[in-house]
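# Secondary and tertiary structure notes
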Amino acid sequence: MEQNPKSVRMWIITCLLFILGQAMENDRDFKMCGTWRHGNASRNLKTYLKTGCKEIDISANESTLSIQGSITAKCTQSSSIPLESNPLQNQSHFCVFWEPLLDLMIVEVNGKNHTLCESHGLQETCCTDLSQENQTNPGLYGIVNGSAHGDIIRYDVMEVYRFRGDTINCKERFCDEASQKQSGANMIEEVVMKSNKIGRVDLPCAQSTIIEMKEGFTGLNFTLPAPQTVAPNMIPSVYLPSSLKSQSSSTSKVVCTYYKDKALFQRASSNAVLLDDIVGLSVENEIIKNLPEPVRITFHHSALAPNHSRSCVSWDTRRDNEVTWRYDGCETVKICETETECRCNHLTYFAILVQVEQKATVQHLQTLTFITAVGCAVSLVSCLVLFYWLCKCRVKKTQISLVHRGLVVAIFLLCLFFILTGTLANVGNEIVCKVTGSLLHYALLSTLCWMAMEVFHTFLLIRKVFTSTLPTWIFYLVGFGLPVLLVGILLLIEDIYDVDIYGKRKIVPSDDVNNPYHMCWMLENNKSLLAHYIINVGLLAVVVSSGAVMLFLVVREIHNRPDWKKIHVAFLSIWGLTCLFGTTWGLGFLDYGPMSETILFLFCIVNSLQGFFLMLRHYALERMKKKDRSISDGSSCGSSKQHMLQTHEKS
């Protein structure tokens, strides 16, 4: 069946108009479009607008496109605007946009905008819900393919389209529509920005203030506008830094909005509560992030329970399709029990999230931290004394003495960096904390590696009875070189994948969640946790398991010694080998169940005092060797081949 070429063209035009209507943002209350069929002579846009709420006529003839009627709140307009003419063109596409809340009317002809009514603020009462009335059908000239909100009204040529309006409360209607949409907060900020007003702008659902930043802007501290129902001492305040002003433009506007109603927002999770006050900050036509000086928002709220935490959160609607409150980019500062300051390096929506159920807290954190710090301080001094003793031995270069020295140095570094990590996390910058965290990780890995070397060297002694010719540098390569390689790989991953593995780690105490302990260590993101389980937990499991096996073998070999029957000697031998082989670190795998608190205290006490226990062991064995007449070589830090198993503890 042969199709009419005219009907085919009409169908194509209809499809294009539909696609265009869908592609355009439907953010205006009224949009009437069409194709103006006119003559080749000069043309103009004629307007006659006055206040009221009756009707608006959109008409066209051979030379004039007319917009006239009574639907505006404050705008009165009577003018004739000449339009660009092209003798070869006999039709033009046009659209009429009407935003009653802003009292704004724009006519677009062939892609060029003509503002008939400029916005003078948000209107309380306005004329909207424009519905079509009768149309007049002429002959040759007029409007073809007239549409309202993208829907075709008539395909043929019409001279006049008439629309009648109703008077409503525009602000209430707008807030109702915004509350039903996920992008409602964005809608509010956009319409406030379009109001072309400096100062306070009120809506039933939000209160905004528009601040104009001019040349020489040095920062501003102000209190947000709020409803009269909010007590003055409970209204949030904002500090805008001077870095917020863009250098590329002479002036720029920043919109600060206060939301008392959470209807536009959602809770982050079932175990968290979003406080009522929400603050939105945005700069006109700019995305602000990575500010050198943070924006500061001070929230006032009721006192929180001691086991509830407060966290500053933000929601970037341009990045998230769903409501996702994020913790990154903001620092939470507790000023007092009823006041919290959020210091953020970007602009978006900000709020206080109160954590109800704490799943990642540590009980007795302050006590455990104090015990560990004291133990590490004692171990530091003990390691220095023990290292001096080992270097003072008459036979300084025996392999077992060198292995002992490597372990003592590693434990010394571990205790030193652990003591420093808390202080540097609070006073140092991000780079200092990253370096300290990587050094602490290196010291931990080096300690575990040297414990593994103690196990391996003892295995060589038992199997070959001091006939081992393994070069000493291999022990140092594994003890000090392997940790360098592992930490270097993690730092390389940070640089390549642009992720943070080391940095400031926050540990929350269960008894006072608002005063967390900060340390420079591995962070809690996915890549850091993966590295922790593979490297730290994996190496610890190898050391503990191999150390336990070697402890059993050594104890079985030397339990027939005469001195072994003495209780204090037996305890000293087992305890010394337990610390030497790293099996005390196995307590970390038992931190669960009803005994978890006891295990945690034992873990901190035993491992923080490890340097002290090794020094005590060395001193006691030196005293025992002076009474042991079976030693024939006279060495104060070696042992004979014939009595290796019997005197291994003393070496």
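Residues numbered from 1 in each chain as written. Predicted model: local features only at pLDDT ≥ 70, side-chain atom pairs only at ≥ 80, totals over all residues. Heavy atoms only, no water.

### Thoughts on the environment of Cys344
Quick reminder of the rule: The helix count covers DSSP runs of H or I at least four residues long, the strand count covers runs of E at least two residues long, and both are numbered beginning at the N terminus. Residue exposure (1.4 Å probe, protein chains only): buried if accessible area is under 20% of the type maximum, exposed if over 50%, otherwise partly exposed. Working rule for contacts: check all heavy atoms of both residues, and any pair within 4.5 Å makes them a contact.
Mapped onto the secondary structure, Cys344 falls in strand β22 (residues 339-344). For Cys344, a relative accessible area of 0% corresponds to the buried category. Counting along the chain gives 15 residues from Cys344 to Gly329, while the straight-line C-alpha distance between them is 5.6 Å. Residue contacts for Cys344: discarding those within four places in its chain leaves Pro294, Val295, Ile297, Gly329, Cys330 and Phe350.

### Digging into the pattern of salt bridges
Heads up, the condition is: Salt bridges are defined as contacts in which a side-chain nitrogen from Lys or Arg sits within 4 Å of a carboxyl oxygen from Asp or Glu.
Inspection of every chain in the model, using the stated rule, returns 14 salt bridges. One salt bridge in this structure joins Glu341 and Arg296, with 3.8 Å as the shortest N-O distance. Taken as a pair, Glu341 in strand β22 and Arg296 in strand β19 (residues 295-300) lie far apart in primary sequence, 45 residues in all. Glu341 gets classed as buried once you look at its relative accessible area, which sits at 10%. A salt bridge links Lys434 to Asp500; the nearest nitrogen and oxygen atoms lie 3.4 Å apart. Taken together, the residues Lys434 in helix α6 (residues 430-464) and Asp500 in the loop between α7 (472-497) and β25 (502-509) connect sequence positions 66 residues apart. Because the salt bridges share partners, they merge into one network encompassing Glu55, Glu133 and Arg164.

### Considerations on the side chain of Asp277
When you line up the elements, Asp277 lands in strand β18 (residues 272-283). Not counting the four nearest positions on each side in its chain, Asp277 is found in contact with Met234, Pro236, Tyr258, Tyr259, Lys260, Phe299, His300, Phe350 and Ala351.

### Describing the side chain of Asp57
Put simply, the test is: Between N or O atoms, a polar contact is any pair within 3.5 Å; within protein, one atom must be a potential hydrogen donor and the other a potential acceptor, and residues adjacent in sequence are included only when both atoms are from side chains.
Looking at where Asp57 falls in the secondary structure, it is placed in strand β3 (residues 55-60). At a separation of 2.7 Å, a polar atom in the side chain of Asp57 contacts the side chain of Arg162. The residues contacting Asp57, other than those within four sequence positions of it, are Ser66, Ile67, Gln68, Val160, Tyr161 and Arg162.

### Concerning the pairing of strand β13 (residues 199-203)
Definition in use: The criterion for strand pairing is that DSSP finds at least two bridges linking the strands in question.
Pairing of β13 with strand β14 (residues 206-213) involves five bridges; the strand directions are antiparallel. Across the sheet, Val201 pairs through a bridge with Ser208, a residue of β14. Counting the residues in the hairpin turn of β13 and β14 gives two residues.

### Some remarks on the state of the cysteines
Basically, it comes down to this: Disulfide assignment relies on a single distance test, namely cysteine sulfur atoms paired within 2.5 Å.
Tallied over the entire structure, the rule returns eight disulfides. What pairs with Cys33 in a disulfide is Cys95, and their sulfur atoms sit 1.9 Å apart. Here the S-S torsion is close to 110°, and the disulfide linking Cys33 with Cys95 is therefore right-handed. Here Cys33, found in strand β1 (residues 30-37), pairs with Cys95, found in strand β6 (residues 91-99); they are 62 residues apart in sequence, far enough to count as distant. Of the residues examined, Cys33 reaches a relative accessible area of 7% and is grouped as buried. Take Cys95: its relative accessible area is 2%, and that puts it in the buried class. The disulfide partner of Cys433 is Cys520, and the gap between their sulfur atoms is 2.1 Å. Its S-S torsion of approximately -115° makes the covalent link between Cys433 and Cys520 left-handed. With Cys433 in helix α6 and Cys520 in strand β26 (residues 517-522), the pair connects residues that are 87 residues apart, well separated along the chain. Across the pair, exposure class does not vary: Cys433 and Cys520 are buried alike.

### Quick notes on a nonpolar patch on the surface
Selection rule: Patch membership requires more than 30% relative accessible area and the absence of a salt bridge. Residues of like charge join within 9 Å; the nonpolar side chains Val, Leu, Ile, Met, Phe, Trp and Tyr join within 5 Å. Only the protein chains shown count as cover for residues, and the accessible areas themselves come from Shrake-Rupley with a 1.4 Å probe.
Together, Phe370, Val374 and Val378 line one region of the surface with nonpolar side chains, adding up to about 260 Å² of accessible area. Inspection of the secondary structure assignment puts Val374 in helix α4 (residues 365-392). The partly exposed category is assigned to Val374, whose relative accessible area is 39%.

### Remarks on the confidence of the model for the chain
Keep this limit in mind: pLDDT measures how confident the predictor is about each residue, on a scale from 0 to 100.
Here the chain averages 81 in pLDDT, while 82% of its residues score no lower than 70. Counting contacts from residues 1-27, a segment whose pLDDT is below 50, to residues more than four positions away or on other chains yields 16 contacts. Counted against residues more than four places away or in other chains, residues 629-651, with its pLDDT under 50, gives 53 contacts.

### Some words on the packing of aromatic side chains
Each aromatic ring pair is characterised by the separation of its centres together with the angle its planes make. Worth spelling out the cut-off: Only the six-membered ring of Trp is used, alongside the rings of Phe and Tyr, when aromatic pairs are assigned; centres must lie within 6.5 Å, and planes under 30 degrees apart are stacked while those over 60 apart are edge-to-face, with the rest tilted. In this scheme, Lys NZ or Arg CZ marks a charge over a ring once it lies within 6 Å of the ring centre and within 35 degrees of the ring normal.
Counting across every chain of the model gives eleven aromatic pairs. Each ring, one from Phe456 and one from Phe475, has its centre 6.3 Å from the other, and the planes form 45°; the classification is tilted. Of this pair, Phe456 sits in helix α6 while Phe475 is found in helix α7, placing the two residues 19 residues apart along the sequence. Overall, Phe456 belongs to the partly exposed group, its relative accessible area being 33%. Relative accessible area serves as the criterion here: at 2%, Phe475 is assigned to the buried category. Taken together, a centroid distance of 6.1 Å and an interplanar angle of 40° make the contact between Tyr476 and Phe480 tilted. Here the residue Tyr476 and the residue Phe480 both occupy positions in helix α7, the gap between them amounting to four residues, near one helical turn. One aromatic cluster is present, built from ring pairs that chain together Tyr259, Trp315, Trp325 and Tyr349. In this structure, Arg296 packs its charged tip against the face of Tyr239, placed 4.3 Å from the ring centre. Directly above the ring of Tyr497 sits Lys527, whose terminal nitrogen or CZ lies 5.8 Å from the centroid.

### Thoughts on the sheet that holds strand β11 (residues 151-154)
For clarity, the threshold we go by: Simply put, an axis is a line fit to the C-alpha atoms, just over the touching stretch for a helix, and the angle between two N-to-C directions goes from 0 to 180 degrees.
Taken together, six strands build an open sheet; the order of strands is β8-β7-β6-β1-β10-β11 and the sheet is antiparallel. Edge positions in the open sheet fall to β8 (112-117) and β11, since each of these has one partner strand only. Mean inter-strand twist for the sheet, computed between neighbouring axes without regard to direction, equals 25°. As judged from the three bridges shared by strand β10 (residues 142-148) and β11, these two strands associate in the antiparallel manner.

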